[in-house]
Amino acid sequence: MIRQCFLGVLLMALAGMAWASPMKIGFVDLDKALRELPEAQAGAANLNKQVEAKQKEIDAKRQQIDTFQKSLEKDFPHLSNAQRQDREAQLQRMILSLQQFQRQAQDSLNYQRNQILKHIQKQLVKVVSQIGRAGHYTVILNDKSVLYVSGAIDLTGQVVAAMNNASVPSKTAGKK
């Protein structure tokens, strides 16, 4: 909702400026770009291989736990109280170890995925900016944000100056 309002206000502001100079707006579907870029496809393939390898390790650990649990259930009537407690504690350690391994594997894979995406997104922003300048675009958008804005319509300096001027009276008002 906020994103739509922001884009609406942005487009209205740009429309008001349209009489001053020709306006050119572009759109980039980042999801499609990420699906089609060879570097992104290679990164996804590499991550999928790692996911499969980690899943095999997890499955093997689960199988060990299942085997140990079945053995415990079979031997349970024949074990002393102390032996039962030791084996149950061992089973709990195995389960906790598996859970920790799963968390670490997930964290590692998320980190690697984020590094790949960060690198590709950095390149995408650079390329979009180059296309924006070369194609004389006023604004280039995606479905979530503004990717490129021509310096001719950048009001950041004016906003900062206005905010600085507006904050001066409030500073002196508090010193009475």
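Residues numbered from 1 in each chain as written. Predicted model: local features only at pLDDT ≥ 70, side-chain atom pairs only at ≥ 80, totals over all residues. Heavy atoms only, no water.

Peer 1: If you had to explain the overall build of the protein chain to someone new, which residues and values would you point to?
Peer 2: Summing up its helical and strand segments, the protein chain has 5 helices and 3 strands in all. For the protein chain, the α and β elements follow one another from N to C terminus as α-β-α-α-α-β-β-α. Classification of the 176 residues of the protein chain by burial places 20% in the buried group. When contacts within the protein chain are restricted to residue pairs at least 6 apart in sequence, those whose partners lie at least 24 apart make up 64%. (Helix = DSSP H or I, 4+ residues; strand = E, 2+ residues; numbered from the N terminus. Buried < 20%, exposed > 50% of the residue type's maximum accessible area, 1.4 Å probe, protein only. Contact = heavy atoms within 4.5 Å.)

Peer 1: Hey, could you go over the pairing of strand 3 (residues 146-149) for me, with residue numbers and the actual values?
Peer 2: Relative to strand 3, strand 2 (residues 139-141) runs antiparallel, the two sharing 3 bridges. From the neighbouring strand, Ile 140 faces strand 3, where its bridge partner is Tyr 148. Joining the antiparallel neighbours strand 2 and strand 3 is a turn of 4 residues. (Pairing = 2+ DSSP bridges.)

Peer 1: How would you sum up unusual backbone geometry? Please name residues and give values.
Peer 2: In this structure, His 136 is a non-glycine residue whose phi angle is positive, near 55°. Here His 136 is to be found in the loop between helix 4 (81-134) and strand 2. Relative accessible area serves as the criterion here: at 66%, His 136 is assigned to the exposed category.

Peer 1: Describe the sheet that holds strand 1 (residues 25-27), listing the residues and the values that go with them.
Peer 2: The strand order across the open sheet formed by 3 strands is 1-2-3, and the pairing between neighbours is mixed. Since the sheet does not close on itself, it has two edges, and those belong to strand 1 and strand 3, each with one partner. Neighbour-to-neighbour, the strand axes of this sheet turn through a mean angle of 15°, independent of strand direction. By the bridge criterion, 3 bridges tie strand 1 to strand 2 in an arrangement that is parallel. The residue bridging Gly 26 from the neighbouring strand is Ile 140, located in strand 2. Across the sheet, helix 4 lies against strand 2 and strand 3, angled at about 40° from strand 3, the strand it touches most. (Axes fitted to C-alpha atoms, helices over the stretch in contact; angles between N-to-C directions.)

Peer 1: Lay out the packing of aromatic side chains in plain terms, naming residues and giving numbers.
Peer 2: On inspection of all chains with the given rule, the structure shows 0 aromatic pairs. Over the aromatic face of Phe 76 sits the side chain of Arg 84, whose NZ or CZ is 4.6 Å from the ring centroid. Positioned above the aromatic ring of Phe 68 is the side chain of Arg 87, whose terminal nitrogen or guanidinium carbon lies 5.4 Å from the ring centre. (Phe/Tyr/Trp six-rings, centres within 6.5 Å; stacked < 30°, edge-to-face > 60°. Lys NZ or Arg CZ within 6 Å of the ring centre and 35° of its normal.)

Peer 1: Please set out the confidence of the model for the protein chain residue by residue, giving values where relevant.
Peer 2: Looking at the protein chain as a whole, its pLDDT mean stands at 83, while 82% of the residues score no less than 70. Within the protein chain, the lowest mean pLDDT, 54, falls on helix 1 (residues 2-17), and the highest, 94, falls on helix 3 (residues 38-75). Segment residues 170-176 is flagged for pLDDT under 50; beyond a separation of four residues in sequence, or across chains, it makes 0 contacts in the model. (pLDDT = per-residue confidence, 0-100.)

Peer 1: Can you lay out helix 4 for me, pointing to particular residues and giving the numbers?
Peer 2: Helix length check: helix 4, at 54 residues, gives a terminal C-alpha distance of 79 Å against a target of 80 Å (1.5 Å per residue), a fit within 8%. Three or more residues of helix 4 are buried, namely Arg 87, Leu 91, Leu 98, Phe 101, Ala 105, Leu 109, Ile 120, Leu 124, Val 128, Ser 129 and Gly 132. Where helix 4 is buried, its residues meet helix 2 (30-36), helix 3, strand 2 and strand 3. Within two residues after helix 4, His 136 carries a phi angle of roughly 55°, on the positive side. (Expected span 1.5 Å × (residues − 1).)

Peer 1: Talk me through the packing of helix 3 against helix 4; I want residue IDs and the actual numbers.
Peer 2: Where helix 3 meets helix 4, the closest approach of the two axes is 10 Å, and the angle between their N-to-C directions is 175°. It follows from the interaxial angle that helix 3 and helix 4 lie roughly antiparallel. When its residues are assigned to classes, the contact of helix 3 with helix 4 shows 16 nonpolar, 10 polar and 9 charged. (Parallel < 35°, antiparallel > 145°, perpendicular 65-115°, else oblique. Nonpolar A, V, L, I, M, F, W, Y, C, P; charged D, E, K, R; others polar.)

Peer 1: Pulling in residues and values, what's your account of the pattern of salt bridges?
Peer 2: Scanning all chains against the criterion turns up 2 salt bridges. Of the charged contacts, one joins Lys 144 and Asp 143 as a salt bridge, the two residues approaching to 3.6 Å between their closest N and O atoms. Residue Lys 144 is classed as exposed on the basis of its relative accessible area, which comes to 52%. Judged by relative accessible area, which is 38%, Asp 143 ranks as partly exposed. (Salt bridge = Lys/Arg side-chain N within 4 Å of Asp/Glu carboxyl O.)

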